[in-house]
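Observations on the three-dimensional arrangement
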There are 2 protein chains.
Amino acid sequence: MEIYKGEKKWLYLQKNSIADLFSFPVEEFIEVHEYQRNDWIIQEGMRPDFLFYVLEGKAKIYITHQNGKVSLINFINANEYIGEMELLHDVYYTKGIQASTKTICFALPIHYYRKQLLEDAKFLRELTKFLSVKASVMAAKYTQSLAFPLENRLAYFILQTADEGIYKEGHVTVCDYLGVSYRHLLHVLAQFCDKGYLQKQGRNYQIKQYHSLHELAEVFKN
Amino acid sequence: MEIYKGEKKWLYLQKNSIADLFSFPVEEFIEVHEYQRNDWIIQEGMRPDFLFYVLEGKAKIYITHQNGKVSLINFINANEYIGEMELLHDVYYTKGIQASTKTICFALPIHYYRKQLLEDAKFLRELTKFLSVKASVMAAKYTQSLAFPLENRLAYFILQTADEGIYKEGHVTVCDYLGVSYRHLLHVLAQFCDKGYLQKQGRNYQIKQYHSLHELAEVFKN
DNA sequence: CTCAAAATATGAGATATCTCATATTATTTG
DNA sequence: CAAATAATATGAGATATCTCATATTTTGAG
């Protein structure tokens, strides 16, 4: 992890107008952090000292269950918050956050700014919108995971993440994300190939029948 | 649905200090609504005109999927908001909300108060806390539903809802809530009886071995 | 009070998903 | 660069869960 200083820091403070996020000055103690792929931004179970706001990059929220299973709860992208739960609640089980690409974020020391943040309507309004989307997305994922088999959820995921017709996500991550075993994921991928929806290319898969995948994914329309 | 007027309305406005919820006067247009068990407070797909704040009672959030399956997303209890998604977002697929006991709530016409609400730090702070808990609960339910079989989730649910050692929830509601088929729910309940954890009493079940249920539910500790 | 609708109940067979075992191939790190 | 670690891959058998069929009982509306 690198903390930007001087020139480099001011560059980010200017480029991303913090005036849209907070209505009080935060320049004094705000930091700009850079994390590399696979760095842990927050370790599971360890309360963070900062409220983060992601400027660039992509990260993953993980939780480990008592049976050892690991769930990838969701991805975090630019313009999203990290550590807001700890800002709002004194008692909270902290999830692990891992950068999945190089990730740059604002880091506000909670210690200094907590009180002001909780009285700032501009900040609260943004956070409220962020949280409402988060709650709504989680609710959708929850009910969909119970209502539809992997076939449908995987088709949707493939369409979402494929790049120029090529699906190339790592299986392990996808298992954690879709909440199924490695074995089963490979099984359904193999079915998709058998049916001609996909064609394997090394360790990637090329989409051959968009319409079939769309048909499977369609059940999530809302 | 009944809208309280005069005396009855003022009673509720006094008893539940709205001054804790909003920092501007809402007396003029706020209403107090009473819904009976099974009344729909909001119909699925129909944008509501009000932001609700539940004072008494209990309600259920439902969504219907394209395959006809119905999910009971969660319960709503006193001191929670309903319709906040529609307040925050112009475009949103509205879930159905059904009272499961007599339910009394404040109803603020969004049309009149939207702008003020979104600038009121007190209101936003409360809503933020509510939404953060909601997001967090949904995330937990999501990952738990994928990581553990019904056995564990049902044990937890029974312990949560049993009243003086007697579990008496309707099966249909529980299926929608836990996201399993009616058949499977009955199957696992029968297993619990076979193992001596529960004993059937008419259509209720008496808890016979708390420790066994606790053991199953323990995996959700956090 | 009556009838229709909803909820409860149970069986049998199908399918989705998991566990475990084992090999091979990448990737990371000292 | 080598060894350790993580990711990919596949088979076989177990289990969790679903679908459908059907019967009985309870509940709600008129």
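Bear in mind the structure is a predicted one, so any value in this text is a computation, not a measurement.

Moving on, we get to the overall build of chain A. Helices and strands together make up the secondary structure of chain A, namely eight helices and 12 strands. Dimensions of chain A along its principal axes, counting C-alpha atoms only, are 60 × 35 × 35 Å. Burial analysis of chain A (222 residues in total) assigns 51% to the buried set. Here the contacts in chain A between residues at least 6 apart in sequence split such that 72% fall between residues at least 24 apart.

Let's shift gears to the interface of chain A and chain B. Residue-level contacts link 45 residues of chain A with 45 residues of chain B. With both sides pooled, the region where chain A packs onto chain B buries about 3,800 Å², and carbon together with sulfur makes up 67% of that total. A per-residue breakdown of the area chain A buries against chain B is headed by T128, Y142 and L146 of chain A, which together make up 16% of the total. Across the contact surface, chain A and chain B share zero salt bridges. In this assembly, chain A and chain B are joined by 10 residue pairs in polar contact (both at pLDDT 80 or more). Elements that contribute at least two residues to the side of chain A that touches chain B include exactly β6 (70-76), α2 (84-88), α4 (121-147) and α6 (171-178) of chain A.

Residue and element names in this part refer to chain A. For chain A, the domain assignment lists domain 1 (2-145) and domain 2 (148-220). Once you take the C-alpha centre of each, domain 1 and domain 2 turn out to be 30 Å apart. With 11 residues of domain 1 at the interface, the matching set in domain 2 holds six residues. Interface area for domain 1 against domain 2, summed over the two sides, is near 760 Å², with a carbon-plus-sulfur share of 54%. Of all residues in domain 1, L72, F75 and Q144 bury the most surface against domain 2, accounting for 56% of the area lost on that side. At the surface where domain 1 touches domain 2, the tally comes to zero salt bridges. Counting every contact that joins domain 1 to domain 2 gives three residue pairs in polar contact (both at pLDDT 80 or more).

Turning to helix α3 (residues 110-117) of chain A, a few remarks are in order. Residue and element names in this part refer to chain A. Turning to α3, its buried residues are I110, Y113 and L117. Seen end-on, α3 carries its buried residues on one side only, within an arc spanning 95°. What points out from α3, more than 90 degrees from its buried face, is the exposed set H111 and K115. Buried residues along α3 sit against β4 (50-56), α2, β9 (103-109) and α4.

All names here are of chain B. Judged by pairing direction, the sheet is antiparallel, and its four strands sit side by side in the order β3-β8-β5-β6 without closing on themselves. Sheet topology places β3 (40-42) and β6 (70-76) at the edges, where each strand pairs with a single neighbour. Neighbour to neighbour, the strand axes of the sheet diverge by 30° on average, direction disregarded. Where strand β5 (residues 59-64) lies against β6, six bridges are found, and the strand directions are antiparallel. If you follow T64 over to β6, its bridge partner there is V70.

With that settled, consider the packing of aromatic side chains. All names here are of chain A. Summed over the entire model, instances satisfying the criterion amount to 38 aromatic pairs over all chains. Relative to Y62, the ring of W40 lies with its centre 6.0 Å away and its plane at 55°, an arrangement referred to as tilted. In this pair, W40 is assigned in strand β3 (residues 40-42) and Y62 in strand β5 (residues 59-64), connecting sequence segments 22 residues apart. Residue classification places Y62 among the buried positions, given a relative accessible area of 9%.

So, about the relation of the copies chain A and chain B. Least-squares fitting of chain A to chain B yields an RMSD of 0.0 Å, with the transformation described by 0.0 Å of translation along the axis and a rotation of 180°. Seen this way, the second copy is the image of the first under a two-fold rotation axis. Residues of chain A ranked by C-alpha distance from the rotation axis are headed by A135 of chain A, positioned 1.9 Å from it. A symmetric contact is evident, with 100% of the interface residues of chain A recurring at the interface of chain B.

Bringing the protein's contact with DNA strand C into the picture now. Neighbouring residues of DNA strand C: 16 residues in total, closest S181 and H184 of chain A together with H171, Y182 and R183 of chain B. When atoms of DNA strand C within 4 Å of the protein are split into backbone and base, the sugar-phosphate part holds 54%. L150 of chain A is positioned such that a nitrogen or oxygen atom in its backbone is 3.1 Å from a phosphate oxygen of DNA strand C. K200 of chain B places a polar side-chain atom, nitrogen or oxygen, 3.0 Å from a phosphate oxygen of DNA strand C.

About the criteria used
- Residues numbered from 1 in each chain as written.
- Chains lettered and ligands numbered in written order.
- Predicted model: local features only at pLDDT ≥ 70, side-chain atom pairs only at ≥ 80, totals over all residues.
- Heavy atoms only, no water.
- Helix = DSSP H or I, 4+ residues; strand = E, 2+ residues; numbered from the N terminus.
- Buried < 20%, exposed > 50% of the residue type's maximum accessible area, 1.4 Å probe, protein only.
- Contact = heavy atoms within 4.5 Å.
- Buried area = accessible area lost by both parts, 1.4 Å probe.
- Salt bridge = Lys/Arg side-chain N within 4 Å of Asp/Glu carboxyl O.
- Polar contact = N/O pair within 3.5 Å; in protein donor to acceptor, adjacent residues only side chain to side chain.
- Domains from an automatic or database assignment.
- Arc of directions from axis to C-beta.
- Pairing = 2+ DSSP bridges.
- Axes fitted to C-alpha atoms, helices over the stretch in contact; angles between N-to-C directions.
- Phe/Tyr/Trp six-rings, centres within 6.5 Å; stacked < 30°, edge-to-face > 60°.
- Least-squares fit on C-alpha atoms with pLDDT ≥ 70 in both.
- Near = heavy atom within 4 Å.

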